[in-house]
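Chain and residue survey
Residue strings, one per chain:
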Amino acid sequence: MNNSLLIFALIVILSSCSGGDSDLAKSGLSGNISSVMEHTYEAVHKDDGWHPGKPGAYGHRIIQYDAEGNYVKSLALTHTGDTIGYTTVRKENGETVEEVFHSVRDGRTTRTLME
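Computed from a prediction, not measured in an experiment: that's the story for all the values here.

1. Quick word on the side chain of threonine 78
- When you line up the elements, threonine 78 lands in the loop between strand 3 (71–77) and strand 4 (83–92).
- Within the structure, threonine 78 has its side chain in polar contact with the side chain of threonine 80 (distance 2.9 Å).

2. Quick word on the confidence of the model for the protein
- This prediction gives the protein a mean pLDDT of 82; 81% of its residues lie at or above 70.
- At the low end of the mean pLDDT range in the protein sits helix 1 (residues 3–16), at 53; at the high end sits strand 6 (residues 109–113), at 94.
- The low-confidence segment residues 15–19 (pLDDT under 50) makes nine contacts with residues lying over four places distant or belonging to another chain.

3. Quick look at the pairing of strand 3
- Where strand 3 lies against strand 4, five bridges are found, and the strand directions are antiparallel. Bridging from a neighbouring strand, alanine 76 pairs with glycine 85 of strand 4.
- In textbook terms, the turn of a hairpin is the stretch between consecutive antiparallel strands, and for strand 3 and strand 4 this stretch comprises five residues, one of which, glycine 81, has a positive phi near 95°.

4. Quick look at the pattern of salt bridges
- Applying the stated criterion across every chain, the model contains six salt bridges.
- We note a salt bridge from aspartate 23 to lysine 91, for which the minimum N-O separation is 2.9 Å. Of this pair, aspartate 23 sits in helix 2 (residues 23–26) while lysine 91 sits in strand 4, placing them 68 residues apart in sequence.
- Taking the relative accessible area as the measure of exposure, aspartate 23 reaches 3% and is therefore buried.
- Between aspartate 106 and arginine 108 there is a salt bridge, with its nearest N and O atoms 3.7 Å apart.
- Beyond isolated ion pairs, a larger network of salt bridges with shared partners links Arg90, Glu92, Glu98 and Arg111.

Rules behind the numbers
Residues numbered from 1 in each chain as written. Predicted model: local features only at pLDDT ≥ 70, side-chain atom pairs only at ≥ 80, totals over all residues. Heavy atoms only, no water. Helix = DSSP H or I, 4+ residues; strand = E, 2+ residues; numbered from the N terminus. Polar contact = N/O pair within 3.5 Å; in protein donor to acceptor, adjacent residues only side chain to side chain. pLDDT = per-residue confidence, 0-100. Contact = heavy atoms within 4.5 Å. Pairing = 2+ DSSP bridges. Salt bridge = Lys/Arg side-chain N within 4 Å of Asp/Glu carboxyl O. Buried < 20%, exposed > 50% of the residue type's maximum accessible area, 1.4 Å probe, protein only.

Set out below in structure tokens:
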């Protein structure tokens, strides 16, 4: 699966759920959590199963939450820890309505509107 597609799918899952629960709770997390780090690896099929291979181009992603447990920002990093970009979130009435990705490599900005 393309790493960008994986990251996009996770963002959609985190932000598309509705209800009174925080984004942390929707992700199955609880407690005093301010951020979560994801590691992305290319999948390798061997011995009749899937295993992590080499780190993907977008090696890490740090998802940041506010004091109420709501997703507010994420940082995209290479597998060596260099910042690729960051995503900010705009919410209305507790629901994510917009995400904006800011690339620090090429200055590109991508805006995603949620329905």
